[in-house]
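# What the coordinates show
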Amino acid sequence: MRRTPLELAAVATAAVPGLAPTATAFSPDDDADFDSALLLDAEGKRWRVRSPRHPEASTRLETELMVLRAFAPAIRAELPFHVPTVAGTVRQGALTTFVYAHLQGSTLSIEELSSASPALAREVGTALAAIHDLPLALVTNADLPSYSANEFRQRKLNELDQAATTGKIPASLLRRWEHALEDVALWRFNTSVVHGDLHEDNLMIHHNAVTAVTGWTDLRIGDPADDFAWLVASNEPAFVEAVLHQYAKARRESPDAHLLRRAALLAEFALAQYLVKAMAVGHEDMTAEAESMLKTLAEDIEAQEEQDAQAAHPGDADPETAATGGPQVAPQSAAVTVAAIPDSAMPDGAAPVSVSSIPPAVQTAPEPRADAVPPAQDAPGEAHDTRTGPASDARTSDQSVENDGPVATQEKQEQAPASSAVDDTSTTALTVVKAVP
């Protein structure tokens, strides 16, 4: 049973001695995994509560605590954003609820992000580059999952096999994804540290700046394209291009040529993962929603392929079409167009349930961090909480153990030739279309 923000506020007082909430509000999160709320205390401080709904989700939060402790002051000081701080925990049976000191800023919808100023797109690109340039030891020392390029591809093949056993995924999509996963050239990339659960709900924004990144439950070494899937799903090619351009400038090494193509595949495949997850937790509404989106995706891809075929061979058009001078092919705005997976419907009454509504945060400059080590150059502040939202409930935790399991990063990986410019013309080979229930 889902807990209300008022109930979570009561739990938080047990986790943080002296905490006296005066107002509560609903906080976006992974609907199937967590109950979340924002709290406001008598001193005007904000807090965030995340309470797991099942043991696997509780394990993810405990993993995040280990990750946040691994962010030493020297590492935090070099990041262009803040990461969260756990203020307290309380265990209830097999589950542990976490309370975080709330970070400055607020989350924006993907539409708001993509329509914001170019400066914000550059901020997102810089944040992504900073995550992917984190030292590999941050992951290996914490004994978190680590995959080589080929192992990551094999993992996705295993997940595809699992998804196929549901019997609810259109055969055309299964063939499409299998073909892409078997294209070995597509999976030649240099692995890096990846956030693993990145999306708009895990970015805290203030004055066109990314002030914090939250939701570090799935940190690992793997494919950097994982953290671009939500961007490709934004269906805003100009925004994606601006982020990628800044990302390429900010990273220590050039991104591989097929980064966005893999991101497009992962954005599509997220729908299958969403279905598997919904069925695993027995959520009938989520399952029906996933089936509907998969069906729509398959139909839209088929329609797009037919349209492309007619454009390539206008002589094969039917007489009526030929009489009008050829098929009317709508211009495509970009090679990759994907829509984010919609958030699961909030439970009845979940819209801000408050003692009194929490007022907007005061727009002030970020306070300096006490733990920060002065960097060589001015570095943006620290911030982090959790990006959680059913809109990407398709994301599944890579904490689960696959047949091949995580391996040490010391294993030799396939190296992709570096290039000074990002060549993503290959995205035309994998076009993801908007999937709307």
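Refer to the structure printed above.
This write-up is about the structure you can find in this document. (Residues numbered from 1 in each chain as written. Predicted model: local features only at pLDDT ≥ 70, side-chain atom pairs only at ≥ 80, totals over all residues. Heavy atoms only, no water.)

The next subject is the overall build of the chain. A count of helices and strands for the chain gives 13 helices and nine strands. Taking all 437 residues of the chain together, the buried fraction comes to 53%. Here the analysis covers contacts within the chain between residues at least 6 apart in sequence; of these, 78% occur between residues at least 24 apart. Carbon and sulfur atoms form 53% of the exposed surface of the chain, whose accessible area is close to 19,000 Å². (Helix = DSSP H or I, 4+ residues; strand = E, 2+ residues; numbered from the N terminus. Buried < 20%, exposed > 50% of the residue type's maximum accessible area, 1.4 Å probe, protein only. Contact = heavy atoms within 4.5 Å. Areas by Shrake-Rupley, 256 points an atom, 1.4 Å probe, with all protein chains shown as cover.)

We now examine helix α1 (residues 5-15). Here α1 has its buried residues at P5, L8, A9, V11, A12 and A15. Viewed end-on, α1 has its buried residues packed into an arc of 165 degrees, placing them on one side of the element. Considering only its buried residues, α1 is in contact with β1 (21-26), β2 (34-41), β3 (46-52), β4 (85-92) and β5 (95-101). (Arc of directions from axis to C-beta.)

With that out of the way, let us pick up unusual backbone geometry. Phi at D143 takes a positive value of approximately 60 degrees, unusual for a residue other than glycine. For D143, the position within the fold is in the loop between α6 (137-140) and α7 (149-164).

Secondary-structure assignment places A94 in the loop between β4 and β5. Measuring from C-alpha to C-alpha, the distance between A94 and H54 comes to 8.3 Å, with 40 residues separating the pair along the chain.

Before going further, it helps to spend a moment on the packing of aromatic side chains. Tallied over the entire structure, the rule returns seven aromatic pairs. Look at W177 and F269: their rings are 5.4 Å apart centre to centre, the planes differ by 80 degrees, and that puts the pair in the edge-to-face class. One end of the pair, W177, is in helix α8 (residues 171-181); the other, F269, is in helix α11 (residues 259-280), with 92 residues separating them in the sequence. Each member of the pair, W177 as well as F269, is classed as buried. Over the face of the ring belonging to F34 we find R50, whose NZ or CZ atom lies 4.1 Å from the ring centre. (Phe/Tyr/Trp six-rings, centres within 6.5 Å; stacked < 30°, edge-to-face > 60°. Lys NZ or Arg CZ within 6 Å of the ring centre and 35° of its normal.)

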